[in-house]
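# Structural description and commentary
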Amino acid sequence: MRDAVEALQDYYRSWSDEPSPEWSPTRSAPPWRILPVGAASGFAASWAIMAFALGGVPEPDPSRMEALAREMHLRMAGQLSQELEVWEPSRPTGRRVVPGRRLS
Amino acid sequence: MTGMIRMSGGAKMTIDGEVPRRAAEETTSEARPSFESFCAVRREALYHLVLRIVGSPDAAHDVVQDVMVQALRHWRGIDDPEAWCRVAAVRKSYNCLRSRKRFGPMPSEGQADSGARDERLLERIAVERALSGLKPEARTLLALALGEGWSYREIAEALQIPEGTVGSRLNKAKEQFRRRFEEYP
């Protein structure tokens with residue numbers, strides 16, 4: 001077997017061939033990390049309203065729809081994660097923490 | 001890894017890549033790319049950086065997505081988006097490795113009994129197995145130094161450890177990796 005460090009460098013190089021996945025509004029960070037269930041359903045409802053407001057056209061422009069969805073998703077994710085900073089849901093006590101103070 | 005790091009332009013960032021709101025408001029920048037164009041150009045490089053640390057495409061995609069969402073939130077306060085995103089990506093990858101230690105290995109790790117006979121594949125499996133036995137900091141150090149070619153100074157800044165100790169910890173990580181790698185038949 002080859003030298004361990006050489007093998008490790010080859011291993012790292014091999015990841016360069018891995019294609020980067022497409023940015024997709026549906027393939028987001030794990031939703032349980034940033035979007036609570038209520039917000040996710042709110043997002044779905046907003047999405048439906050937005051689609052309707054855009055004219056309810058039978059053949060929407062997919063790129064435009066995707067851009068809107070992405071923007072909306074990111075905005076919601078940003079707002080919600082700001083709210084989530086105040087709480088620490090993973091701790092069993094669910095104790096309130098002071099906004100702006102880092103958890104130990 | 002605790003505390004904050006001073007980014008270029010005066011903005012500070014916590015270990016999770018957060019820019020405090022006040023710092024974000026104080027910092028302005030005129031000649032920055034738009035978020036969309038930055039994503040289009042740099043996201044792939046960030047993805048490969050994270051991939052080398054976490055060793056799993058799914059986990060890497062999640063980490064990059066997190067970094068991008070956070071970058072968008074603080075976009076106006078980030079003076080050097082590339083440096084900010086690189087450091088945030090390293091720290092989130094490190095945290096990803098730590099949480100994986102807690103919850104067990106990724107499905108792609110430790111598949112040495114898959115019946116593979118190809119020598120390259122066996123070597124890759126041996127590398128992954130050896131890496132999975134290392135501590136998150138050692139894995140991150142190896143990926144940054146050997147995979148990305150970062151300088152000691154860059155590594156020290158990203159991991160918030162003294163520059164002088166990067167070399168010794170890196171040597172220790174290499175030694176641990178070599179020992180585990182050679183244990184594999």
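Structure's up top.
First, a word on scope: everything that follows refers to the structure included in this document. On a predicted model such as this, the values are computed, not experimentally measured, just so you know.

Parameters at a glance
- Residues numbered from 1 in each chain as written.
- Chains lettered and ligands numbered in written order.
- Predicted model: local features only at pLDDT ≥ 70, side-chain atom pairs only at ≥ 80, totals over all residues.
- Heavy atoms only, no water.
- Axes fitted to C-alpha atoms, helices over the stretch in contact; angles between N-to-C directions.
- Helix = DSSP H or I, 4+ residues; strand = E, 2+ residues; numbered from the N terminus.
- Parallel < 35°, antiparallel > 145°, perpendicular 65-115°, else oblique.
- Contact = heavy atoms within 4.5 Å.
- Nonpolar A, V, L, I, M, F, W, Y, C, P; charged D, E, K, R; others polar.
- Core = buried A, V, L, I, M, F, W, Y, C linked by side-chain atoms within 4.5 Å.
- Buried < 20%, exposed > 50% of the residue type's maximum accessible area, 1.4 Å probe, protein only.

Next up on the list: the packing of helix H7 (residues 152-159) of chain B against helix H8 (residues 163-183) of chain B. Two quantities define a packed helix pair, namely the angle between the helix axes and the distance between the axes. All names here are of chain B. The contact between H7 and H8 brings their axes to 8 Å, and the two run at 100°. The orientation of H7 with respect to H8, classified from their angle, is roughly perpendicular. Across from Tyr-152, Arg-153, Ile-155 and Ala-156 in H7, the residues of H8 making contact are Glu-163, Val-166, Gly-167 and Leu-170. Here the contact of H7 with H8 is built from residues that sort into five nonpolar, one polar and two charged.

What follows covers the nonpolar core. The tendency in soluble globular proteins is for nonpolar side chains to be buried as a group. Of all hydrophobic cores here, the largest spans 60 residues; its most connected members are Leu8(A), Leu131(B), Leu142(B) and Phe177(B). If you list the elements that add at least two residues to this core, you get helix H1 (4-14) of chain A together with helix H2 (35-54), helix H3 (57-73), helix H4 (81-103), helix H5 (119-132), helix H6 (136-147), H7 and H8 of chain B. It is H2(B) that contributes the most residues to this core, ten residues altogether. If we ignore the near neighbours within four places in the chain, the residues touching Phe177(B) are Ala4(A), Leu8(A), Val127(B), Ala130(B), Leu131(B), Leu134(B) and Leu142(B).

Let's shift gears to the side chain of His48(B). The residue His48(B) is located in helix H2 in this model. Using a relative accessible area of 9% as the deciding quantity, one classes His48(B) as buried. Apart from the residues within four sequence positions on either side, His48(B) is in contact with Trp15(A), Ser16(A), Glu18(A) and Glu148(B).

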